[in-house]
Amino acid sequence: MGIAAILVIILCMCSLSLTDLDSGTKDGDPFNATPTENPETQGKQAREDLPEEQEPSPVSDFDNTYNYILSRLAAMDQAIHRLNVGHYTLDVKVTQLLDRVSRLDGTLGEVEETMQQISLLTKENRKEIGRLEGCQKGRRVGYKCYLVYRTYETYAGAAQKCLEWGGRMAMPRDRKEQEALADYVKAFFQPGNWPVWLGINDLRSEGLYLFEDNTRVTYFQWRKHFLSSQPDGGKRENCVAMASDDGDWWDNYCDRNMSYLCEFDA
């Protein structure tokens, strides 16, 4: 027999042996049957076959720090958002306030302009009132009216007051005006003797006497007496006053306070 035939016979015999084993097992042969296992054992084996549940590992410090940083960043983001909202609200309010301030500034400008107009009108009215009072309460001489103010002022203060009342300091230019003023002042202060400022001075140059309108004085009524001949003040006394008892002129310190005499156009 050849080798191939021998191999075929061996394979057949192995096949028959396997077939007998399978049939014996199916028929319930107690010697070949696999012993039945206990259900509890099967359950244990089944549980042992299942993968055991792993316990959760503890969170690391890195994870805790990371989560804390994330939570703080989230809180900061919310705070920044609220801050932005507040800033926007404040910006709107500031814009509204600036708009109101601008309107108020415009209103104040109008009020200031109105006040200036009122002040100008008041000054004009005061001048008109002063002129009327000068002619009604004072003494009229030709085209002028003279009025004595019995309040005490320096020479400069008296000049300013006369301008505010719409006039100027009295400037007698000739004997007629001088005599009329002397009579008026004497009657006003009688029986006393009170000097009054006239609008005459030599402040610009010693000995060069000028009226308040800067015209040169050509008529003088200096007091002439052997005890006190005027003017005698030199460079110290540069402003002229009239004595109320006789109408004579005296040079005086310009910062002396005394009554004054204003003149107005009639």
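This is a predicted model, so every value here is computed, not measured. (Residues numbered from 1 in each chain as written. Predicted model: local features only at pLDDT ≥ 70, side-chain atom pairs only at ≥ 80, totals over all residues. Heavy atoms only, no water.)

Nonpolar side chains collect at one region of the surface, where F62, Y66, Y68, I69, L70, L73, M76 and I80 lie side by side and expose about 870 Å² of accessible area between them. Take Y66: it is sitting in helix 3 (residues 61-137). Overall, the relative accessible area of 46% leaves Y66 in the partly exposed class. (Patch = residues over 30% accessible without salt bridge, like charges linked within 9 Å, V, L, I, M, F, W, Y side chains within 5 Å. Areas by Shrake-Rupley, 256 points an atom, 1.4 Å probe, with all protein chains shown as cover. Salt bridge = Lys/Arg side-chain N within 4 Å of Asp/Glu carboxyl O. Helix = DSSP H or I, 4+ residues; strand = E, 2+ residues; numbered from the N terminus. Buried < 20%, exposed > 50% of the residue type's maximum accessible area, 1.4 Å probe, protein only.)

This part takes up the pattern of salt bridges. Summed over all chains, the structure comprises 11 salt bridges. Ionic pairing is found between R173 and D213, a salt bridge with its closest N-O pair at 2.6 Å. Of this pair, R173 sits in the loop between strand 3 (168-169) and helix 5 (175-189) while D213 sits in the loop between strand 5 (208-211) and strand 6 (239-242), and the two are 40 residues apart along the sequence. R173 gets classed as partly exposed once you look at its relative accessible area, which sits at 31%. Connected through shared salt-bridge partners, K144, R168, E177, E263 and D265 make up one network.

This next bit is on unusual backbone geometry. P191 follows Q190 through a cis peptide bond whose omega is 10°. Here P191 shows up in the loop between helix 5 and strand 4 (196-205). The omega torsion of the bond from Q230 to P231 falls at -5°, within 30 degrees of zero and hence cis. Although it is not a glycine, N214 sits at a positive phi angle of roughly 70°. The topology assignment puts N214 in the loop between strand 5 and strand 6.

Attention shifts here to the nonpolar core. Counting 36 residues, the largest nonpolar core has V185, W197, I200, W249 and L261 as its most contacted members. For this core, the secondary structure elements donating two or more residues are strand 2 (144-153), helix 4 (155-164), helix 5, strand 4, strand 5, strand 6 and strand 8 (258-265). (Core = buried A, V, L, I, M, F, W, Y, C linked by side-chain atoms within 4.5 Å.)

Moving on to the state of the cysteines. Going through the model one piece at a time under the given rule, you end up with 3 disulfides. In this model, C135 is linked to C145 through a disulfide, with the two sulfur atoms separated by 2.1 Å. Across the disulfide from C135 to C145, rotation about the S-S bond amounts to roughly 100°, and the bridge is consequently right-handed. Within this pair, whereas C135 is found in helix 3, its partner C145 is found in strand 2, the two being separated by 10 residues in sequence. The class for C135 is partly exposed, based on a relative accessible area of 26%. Disulfide pairing is shown between C162 and C262; the S-S distance is 1.9 Å. (Disulfide = S-S within 2.5 Å.)

With that settled, consider the confidence of the model for the protein. Confidence in the prediction for the protein averages 81 pLDDT; 78% of positions are at 70 or higher. Within the protein, the lowest mean pLDDT, 49, falls on helix 2 (residues 39-49), and the highest, 97, falls on strand 6. Here residues 21-37 scores under 50 on pLDDT; set against residues more than four positions off or in separate chains, the count is 4 contacts. (pLDDT = per-residue confidence, 0-100. Contact = heavy atoms within 4.5 Å.)

Counted according to the given criterion, the structure contains 12 aromatic pairs. Ring pairs connect the aromatic residues Y209, Y219, F220, W222 and W249, which therefore count as one cluster. Across the ring face of F211, the terminal group of R173 is positioned such that the distance to the ring centre comes to 4.7 Å. (Phe/Tyr/Trp six-rings, centres within 6.5 Å; stacked < 30°, edge-to-face > 60°. Lys NZ or Arg CZ within 6 Å of the ring centre and 35° of its normal.)

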